[in-house]
Each structure stands twice: as C-alpha cells, then as structure tokens.
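The residues making up each chain are set out below.
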Amino acid sequence: MVPLAGRLLILLGLLAASAGSIVGFATGRRPSAAGWAWTRRFAYAFAAFMVLATLVMEYALLTHDFSVSYVAHVGSRSVPTWVTVVSLWSSLEGSILFWGLVMGIYVAVATYRNREAHPEYMPYAVGVWLACGAFFSFLLAGPAQPFATIPNPPVDGPGPNALLQNHYLMVMHPPFLYSGYVGMTIPFGLACAALLVGRLGHDFIRPLRNFLLLPWIFLTIAIVLGGWWAYEVLGWGGYWAWDPVENASFLPWLTATAALHSAILVERKGVLKAWTVTLVIASYLLTILGTFMTRSGVFNSVHSFTQSAIGPTILAFLGVALLFSVAALALRVDTLAPEGRLETGASRDAAFLVQNLLFVLFTFTVLLGTVFPLVVEAVRGAQMSVGRPYFDRLSVPIGVALLFVMGVGPALPWGRATGAQVRKALLPPLIGGAALLILGFLLGARNPWTLLALFFGGFTAQVTLAEIALPVRQRMRSRGEGLLEAIAQSQSRGRRRLGAYIVHAGALLAIVAIAVSSTTGTSKEIQLRRGESTTLGAYALTFVDADRFTEPHRESLVARLDVSKNGSRLGSLYPRMNQYESQREPIGTPAVRSSLTEDLYLSIHNIDVDSGSVGLLVLVNPMVSWIWIATAVMALGGLFALVPAFRAETALVRETGPTSMPAPEPQ
Amino acid sequence: MMPTPASSASPTRAPRVNRKVLVAGLVVVVPLIAILLLNLGRDPHSIRSPLIGRPAPPFSLAPVGGGSPISLESLRGRPVVVNFWATWCVPCFEEHAALVAAARTFKEAQFLGIVYEDDEARTKAFLAERGGAYPSLMDAEGKTAIAYGVFGVPETFFIDGQGRIVDKFVGPLSRGAIAELLGKAKGGAR
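For every chain, the first residue of the written sequence is number 1, and numbering continues from 1 along that sequence. Chains and ligands are labelled sequentially in the order written, the chains with letters from A and the ligands with numbers from 1. Per-residue local features of the predicted model are confined to residues with pLDDT of at least 70, and side-chain atom pairs are confined, for both listing and counting, to 80 or more; whole-chain, interface and lining totals are unaffected and use all residues.

Draft legend 1. Looking closely at the overall build of chain A. Numbering of helices and strands runs from the N terminus, with a helix taken as a DSSP run of H or I at least four residues long and a strand as a DSSP run of E at least two residues long. Regarding its fold elements, chain A presents 21 helices and 10 strands. Over its C-alpha trace chain A gives a radius of gyration of 27 Å, about what one expects of a compact globule, namely 26 Å for 667 residues. Working definition of a contact: two residues with C-beta atoms, positioned from the backbone, lying within 7 Å. In chain A, the share of contacts with a sequence separation of at least 24, taken over all contacts with a separation of at least 6, comes to 74%. Taken over C-alpha atoms, the radius of gyration is set against a globule rule of 2.2 Å times the number of residues to the power 0.38.

Dropping the structure here:
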C-alpha cells in the first residue's frame, strides 16, 4: 500500500513536470495568460507531489515498513528516531527523493514570487525548471526506485551508513548541500530564459542574481560544513583533501561566485551579459556533473554494490543538458549584445574582469585535477589519483591572487582612473598589509606564501573596512548625523553593498585562516601507556585511562587525557573510536579543544583498553576556528544582502508604496 | 526526383550560429562526456583484487551451529565458491536463492559461506528461515575477510582445484554469473 502510494505520487510528479515543461515552452513562444496560468499550476502540482512522496517515505521509515526497498536498505529498529528521520538522505535512492523535494519547493517559491513579473521570460524559465524536474522524477520512477517493493521483507534492516550516525554535522551537511545544488536550477532556468527570449535587461538581472545568491549561501555553508565534519570526525587533522566529492561541491561554487560578480557589471554597465549567462549555466551543469561523479549520493553505501542504472541516467541527462546549453549559447548568445563598454585600464571594472578570469582558471584547475584520473583510467587502464600537491600548488597562487584583487578592486574607482587616483586608492592600504605581515612574522609565520597572504589580507581588510565605513562617514560629514544614526541609516539604504562587503570580510578572513592553519601548525604521533605523558608546544598531555562503552548500535573505546597548557590545567579530552555493528572499520571521533587562537586536536590511531595503551595523533592547528567563523560571516553577509533585495523586488513588482521607505530607526 | 539546392534551403529565418562559442563549448563538453562515458562501467569501490591468480589464503573455520572446523586445504581437488555475506546485507539475501540453487545443481563444486561481521544466532535464524544447501562458517575476528581483502558484502571468490583464486565477484550473484565463473574455476582444475 505504502510503496504503491509513493510510486503513484512520483508518477504524478513526472506527469505534472513534463506537461508543465511543454506548456511553459509553448507559452514562451506564444505568450498567453491561460498558458502561463497552466504552467504555474503544473509547477505547483509538481512541488506538491514531491512533498507528498517525501512524506510517504518518512512514514515508511518511521513505521519500519521493510517492504519498501529503501527502508530495507537503510532502516533499522535499533537506531534512534532522529536517525530514522534523516535516513531519507543517507543513501542514494532516498537522497534523490530528497533532491526532488528541495527542487519542488524551489520551483514553487520561484514561480510564486514571479507570478506577476517578467511575463516574457517566466514561462521559459518554468519550462526549463520543470524539464529538470521531469528528469529527476523520471530517475525516481525508473532507475532509482526508492519505493520498489521487496517480496520477502526482512525483519530488520542494517540502519543507515554509520558515518551519518556518527556526527550531527553529517546530518546537517546534506540538506545544505542539496539546497545549494538544487537551487542552481532556478538561476539556470532564468539564464536559459534570457537566452531564449534574447534579452537580459536591468529588470531581469535582479531576480537572476538573487536566485543565484540564495543557493550560493547554502553551498558556501555546505562546503564548510563538509570540511568541518572531516575535521571533527575523520581524525587526520585537516578539513580539506581535494577529494572528488569535495571538489564536486567546490566547482559550482567557483563559477557561481564569478557569476555573482559579473552580474554586477551587467547591472551597472550592461556588459558581460553573455558571459554571466554562461557562468550561471556552467554552475548548474557542474552541480549535475558533481551529482554524477558522486553517483548523486554523498553517501555510497558500503553494503550495497548493486550496479544501478542511476549513473548512466544522470550521465545521459548531463550530456543532454551540456549539449542543449552549448547549442543555446551558440545560437542565441549574439542576441545579448552589450549596451556599454568595459573599461580595461586600471579601474574597478578591470578588477572585476581579473577576478572573473581567476575564478574560471580556478574552476578549470580543479576540474582538470578531478577528471584527470578518469582520463588515465580510460586511456591506460591504470588506477591513479591526483594528489593534494597538484591542487595545493595551483590553488595557493590563485587564492592569494584573488585576495589581492579583492583588495585592489573595491579600492579603485569605476571607469577610467587617473594615476593620481590609483595612487591615492592603493597606497594607504599598504599600511594594513604591512601591519598584518609584521604581526604574522613576529608570531612565527615563515612560509613565503603565508606571508604574502597575510600582506594581501591586511591590505584587503583595510580596504574592506574602509568601504563598510564609507557611507557612515559620508552621512556624518554631509548631513551632520551622529555615528549611531549614520550607521542605522546607511545600513538600511545600501544593504546589498554592505552585505557584499561583509561577505568579502568573511572571505578574506577565511583565506588568511586557511593560509595560517595549513602552514604553521605542529603535530606529532605518539604511543602512550597508562599514566605516561607527552608534550607538544605549550601543551602537556597525560594518558589517564581507557574505557569501553556499549550502546545498542555501537561500541566505543574512549581514552581520557588530562591536558595542561604552560603548567595550568585545562581539563580532560576524550578522543574515541566507535565500532558500528554494520561496519568493519571503526570510525574515530577526535577530541578537539578549540580556542580563537588555536585548536588542540587529539585523534586515536589505535587503542587497547585491556593493556592500557593508546596511539595518538596530536596536532596544534592555529586559527582553524576562524574558518568556521569566517563562513558564518560570509553566509550572514549574503543573507543581509539577499533579504532586502527580495523584499524590494516584491515591492517593485506590486508597485505598492514607495520602495525607498527608510527603515525605522533602532532605539 | 532531383533536389535543387534552392529548395533545400529553409525559407524561415535561419538562426545565426556563433561559431566561436560553438567550437569552444564543444571542445570542453565533448571530451568531458567522452571521458565520463568511458568510465561509466567503473565502480569507484571496485579495487582490483591482487589475489586473482594467486593461491587462496588458507582458513579453517567452524560452521554456524557447531561442528568440526572446515578448512580450505581439505577441499583441494574440487572447485570452491567462497561467499562472504551477512544477514544485514540486502543484496546478500537477494543472491541467497541463486547460491542455494547453484549449490544443489553443481554438486562437483563446494560452496561455502563466510559470515561477515554478524552474530551466530542471527545467522542461524536466517538460515533456518531461508534454507541453506552448504555450510556457512563463522569468521569470529574477521581475520579471513581481512586476508581476502573483503571490502563490503557480498563478495564471492571462485577457487580452482589447486587452491588458486580464479576470479572474484562483487555484489549479488545471479545463477548465470555463478555458472560462468564456476566454469572458469573448473577449467583451472584440469
């Protein structure tokens, strides 16, 4: 009964999406009010069916209905209820259903928001969204089949992948990742609509930018949550390994970031329209490439080696989407002619251009490194992997260059700048650069790239802070407002600009923190017997005892270490090893003592409770906390820019009341 | 009928193709699709076993439900099918019926199950419910699974009469696959 309902809902979703896509394209070609109304109805219906299908799956999971194959694969009576709920995205088939859910919600919201706006573009956009939706419903109806029935249902299932159960970050990571990935469908549809209509006007670049910013925020959080999880769980002490799965999430982020910037030039100068559309389309295609590369599940269940038809189906979709995009661009790109001229001398315009080129270079670098093992496998039949050295060697210079452009760009004026203007803009921030460089040197940084990153970091920090303060200073000077009033007034006016600079502040903080943490830490590996001590830097560690805990679904071996720094006791740390019933390799949970300056990181290599010995990896990682803080700053900056932008857009569309109403003053 | 060049030209406005964009797009996209297509059959988890063609690691393990241990050594001269499985693995019970049927058909070969990361009581209950035609052995500390480099279950090794591993199969077996791989193991015995 339950599997039947699920399958029926998915088929209805497929039907609604296919019909809506056809009606949408037809309405785009021959606009009509009725056609647009039906396109919207199909979009809402698709969303409703996806939501209902997900609810049916959650019901099956919670009632342990093992006749549903997905439940038989990931369900278990012995895991806590919250694990059962999140099992929805713990394995391949369920994660595609979850994908459908997120997509349905996005499509419904984006359709509803623009129901009365952009009549020439929207039918095409919804048509493209629903074409993508039709593909994913097809995947669910055919190759993925989360609702397939098992003739002899087992009494109990294995439970979801142990990695999911091991840490809360792994529970939060997939929803953010999917919200980022799936959300790229919306700007993709809007960009395709611009191509099909043959126009990308001022009115339309705004929704495009805003609907790109939203998934960008999710993707930013998701990437860092993944890194944070790796840091807190995997126990090798790092947060990024250039693993294909990580790269898969990073690639669309790079092109989306580039597109967010080039969109500003479209808006201000009417240039780079085709380029921006290309970047937006590339961002979506890279999410599908990532989905294919990871076989759509971030979790490849270790138990299941069943060769599924999901991979080939996603590849077929990717191929069609790639060729469609190339054809659409080749045929229509000339219709998006620039309205203005791009300044190429020393100017903010040129900095935007350099920034864009650097991001695209970065994208190709990572893409090449990720795909290269596949090339070797295909050509020579040898299995190989592109290691970190390749990525590190190429990404460090690009990252530092981006940091530099992030400082120089906002400092320079728009349009052509005179030599005097350039000097006036670029000389003062050298103070900030020198200050951070000297500080880093005094604190022990010696790596030349790190020192360069610190110098540009200081430079960019001064520019960014000056830009944040600029409107406040202007208001205080020209209107005689007090400091607080000026802050309140300026933040309610130029929120998009301010949000962007907050993102910049976060980004530069992240780059500096990454540069410092990856080059200045110390570490050691040591074997300790009960009662023995070791030191690393200012820290002293004493291995007090080891213990064994048994829970229904796992057994944990825990070491207790007393920690002191410079002679004063800091408390105890408990790194552990968890052995899950369904997994042979134990999963460690390192113990991390975080502070704003540095983390003390303990990870167990081996532990013997009976004889009382433990093998430990001990690391001191400076500034790692700042990466997480910086990400929060970036996400908040993005939201700060996005929320009023969405509101203003709505107000503009409804034409109700003035759009520039000053916000009430905070008390 | 002779088509004239004039009549084959479309009367509608032909869209102007931006050749540069087309070529640049195809240069990036076509190799990418080609590479992905070529790698399609590849399972990122399938790490080629270096054991193929080598002597199978020896073992001597007690069967589920008690009894004297069965060693690989004692089966020399007959092809052996060693299937690593567990009751918590769904593909394992998908292939269970095929294995039982094959064990009944190919009486010249010895089929063995090795229980991977599971407890004896549950395995016993599973076999009582689903039926078994060959012994399943308990691999208490997982030493045999480690020796065979088992990555996940089910994995099945086909061993010839001289105790050499002829092939390895990852994932649930069908009757056809068993017959084919067993044929290779029998060929090696001659």
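So, next bit.
Draft legend 2. Quick peek at the overall build of chain B. Of regular secondary structure, chain B possesses six helices and seven strands. Counting other C-beta atoms within 10 Å of a residue's C-beta gives its exposure: the residue is buried at 20 or more, exposed at 12 or fewer, and partly exposed in between, where C-beta atoms are placed from the backbone. In chain B, buried positions account for 35% of the 190 residues. Restricting to contacts in chain B with at least 6 residues of sequence separation, those with at least 24 account for 73%.

Draft legend 3. Focus on the sheet that holds strand E8 (residues 591-594) of chain A. All names here are of chain A. For two strands to count as paired, DSSP must find a minimum of two bridges between them. The four strands lie next to each other as E1-E10-E9-E8, forming an open sheet whose pairing is antiparallel. What marks the edges here is a single partner per strand, and that holds for strand E1 (522-529) and E8. For this sheet, the mean angle separating the axes of adjacent strands, direction not counted, is 15°. In the sheet, E8 pairs with strand E9 (residues 598-608) via four bridges, with the strands oriented antiparallel. Fitted lines through C-alpha atoms give the axes, limited to the stretch in contact for helices. The angle between two N-to-C directions lies from 0 to 180 degrees.

Draft legend 4. Spotlight on the sheet that holds strand E5 (residues 136-138) of chain B. All names here are of chain B. Spatial strand order, E5-E4-E3-E6-E7: five strands in an open sheet with mixed pairing. Two strands close off the open sheet at either side, each with one partner strand: E5 and strand E7 (165-170). Mean inter-strand twist for the sheet, computed between neighbouring axes without regard to direction, equals 20°. Relative to strand E6 (residues 155-159), strand E3 (residues 80-85) is paired through five bridges, and the arrangement is antiparallel. Bridge pairing in E6 places Val 82 opposite Phe 157.

Draft legend 5. Structural view of the pairing of strand E5 (residues 568-573) of chain A. Residue and element names in this part refer to chain A. Burial within E5 is sparse, with just zero of its six residues counted as buried. Taken together, the five bridges between strand E4 (residues 554-565) and E5 define a ladder with antiparallel strand orientation. Across the sheet, the residue bridging to Leu 561 is Leu 573, located in E5. Where E4 folds back onto E5 in an antiparallel hairpin, the turn is made up of two residues, including Asn 566, whose phi is positive at roughly 50°.

Draft legend 6. Broad picture of the nonpolar core. Residue and element names in this part refer to chain A. Residues Phe 46, Val 107, Leu 130, Ala 191, Ala 193, Ala 194 and Ala 513 are the most contacted members of the largest nonpolar core, which totals 230 residues. Among the elements that take part in this core, helix H10 (residues 202-234) stands out by supplying 20 residues, more than any other. When near neighbours in sequence (up to four residues on either side) are disregarded, Leu 130 contacts Ala 17, Gly 20, Ser 21, Gly 24, Phe 42, Ala 43, Phe 46 and Val 107. Ala 546, Tyr 601, Ile 604 and Val 618 belong to the second-largest nonpolar core, a separate cluster that totals 17 residues. Any nonpolar core is a set of buried residues, restricted to Ala, Val, Leu, Ile, Met, Phe, Trp, Tyr and Cys, that join up through C-beta atoms within 7 Å.

Draft legend 7. Spatial organisation of the environment of Ala 26 of chain A. All names here are of chain A. When you line up the elements, Ala 26 lands in helix H1 (residues 2-29). For Ala 26, a count of 16 C-beta atoms within 10 Å translates into the label partly exposed. Along the sequence, Ala 26 and Val 128 sit 102 residues apart, while their C-alpha atoms lie 12 Å from each other.

Draft legend 8. The arrangement of the packing of helix H5 (residues 92-113) of chain A against helix H6 (residues 122-144) of chain A in detail. Residue and element names in this part refer to chain A. Contact pair H5 / H6: the axes reach a minimum separation of 10 Å and the direction vectors enclose 160°. When the axes of H5 and H6 are compared, the pair comes out roughly antiparallel. Pair H5 / H6 crosses with left-handed handedness. Of the residues in H6, those in contact with Leu 92, Glu 93, Ile 96, Leu 97, Trp 99, Gly 100, Met 103, Val 107 and Thr 111 of H5 are Val 126, Trp 129, Leu 130, Gly 133, Phe 136, Ser 137, Leu 139, Leu 140 and Ala 144. Considered class by class, the residues forming the contact of H5 with H6 number 13 nonpolar, four polar and one charged. By definition in this entry, angles of less than 35 degrees are roughly parallel, angles greater than 145 are roughly antiparallel, angles of 65 to 115 are roughly perpendicular, and the rest are oblique. Rotating anticlockwise by less than a right angle from the far helix to the near helix defines a left-handed crossing, while the corresponding clockwise rotation defines a right-handed one. As a working rule, the residues Ala, Val, Leu, Ile, Met, Phe, Trp, Tyr, Cys and Pro are called nonpolar, Asp, Glu, Lys and Arg charged, and the rest polar, with Gly in that last group.

Draft legend 9. The arrangement of the confidence of the model for chain A in detail. All names here are of chain A. Scored from 0 to 100, pLDDT records how confident the predictor is in each individual residue. Of the residues in chain A, 91% reach a pLDDT of 70 or more, and the chain-wide mean stands at 86. Ignoring residues within four places in sequence, the model shows residues 296-307, a span with pLDDT below 50, making 42 contacts including any to other chains. Predicted confidence for residues 655-667 stays below pLDDT 50, and this span has nine contacts to residues more than four positions away or in other chains.

Draft legend 10. Up close: H10 of chain A. By definition here, a helix of n residues has an expected span of 1.5 Å times n minus one. The end-to-end C-alpha separation of H10 of chain A is 47 Å, in line with the 48 Å expected for 33 residues at 1.5 Å each. Just downstream of H10 of chain A lies Gly 235 of chain A, where phi reads positive at about 80°.

Draft legend 11. Inspection of H5 of chain A at higher detail. Taking 1.5 Å per residue as the helical rise, H5 of chain A with its 22 residues ought to reach 32 Å, and the 31 Å between its terminal C-alpha atoms agrees with that figure. For H5 of chain A, the tally of buried residues reaches 18 of 22 residues, placing the bulk of the element in the interior.

Draft legend 12. Spotlight on unusual backbone geometry. All names here are of chain A. Positive phi is not limited to glycine here, since His 118 has a value of about 50°. Checked against the element boundaries, His 118 lands in the loop between H5 and H6. Backbone geometry at Met 623 places phi at a positive 65°, although glycine is not the residue there.

Draft legend 13. Fine view of the environment of Val 51 of chain A. Residue and element names in this part refer to chain A. Residue placement: Val 51 occurs in helix H2 (residues 33-62). Taking the C-alpha atoms as reference points, Val 51 and Met 577, 526 residues apart in sequence, are found 38 Å from one another. In contact with Val 51, not counting residues within four places along its chain, are Leu 101 and Gly 104.

Draft legend 14. Main features of the confidence of the model for chain B. Residue and element names in this part refer to chain B. Looking at chain B as a whole, the pLDDT averages 80, with 85% of positions reaching at least 70. Ignoring residues within four places in sequence, the model shows residues 1-13, a span with pLDDT below 50, making one contact including any to other chains. Listed scores for the predicted complex are pTM 0.81 and ipTM 0.78.

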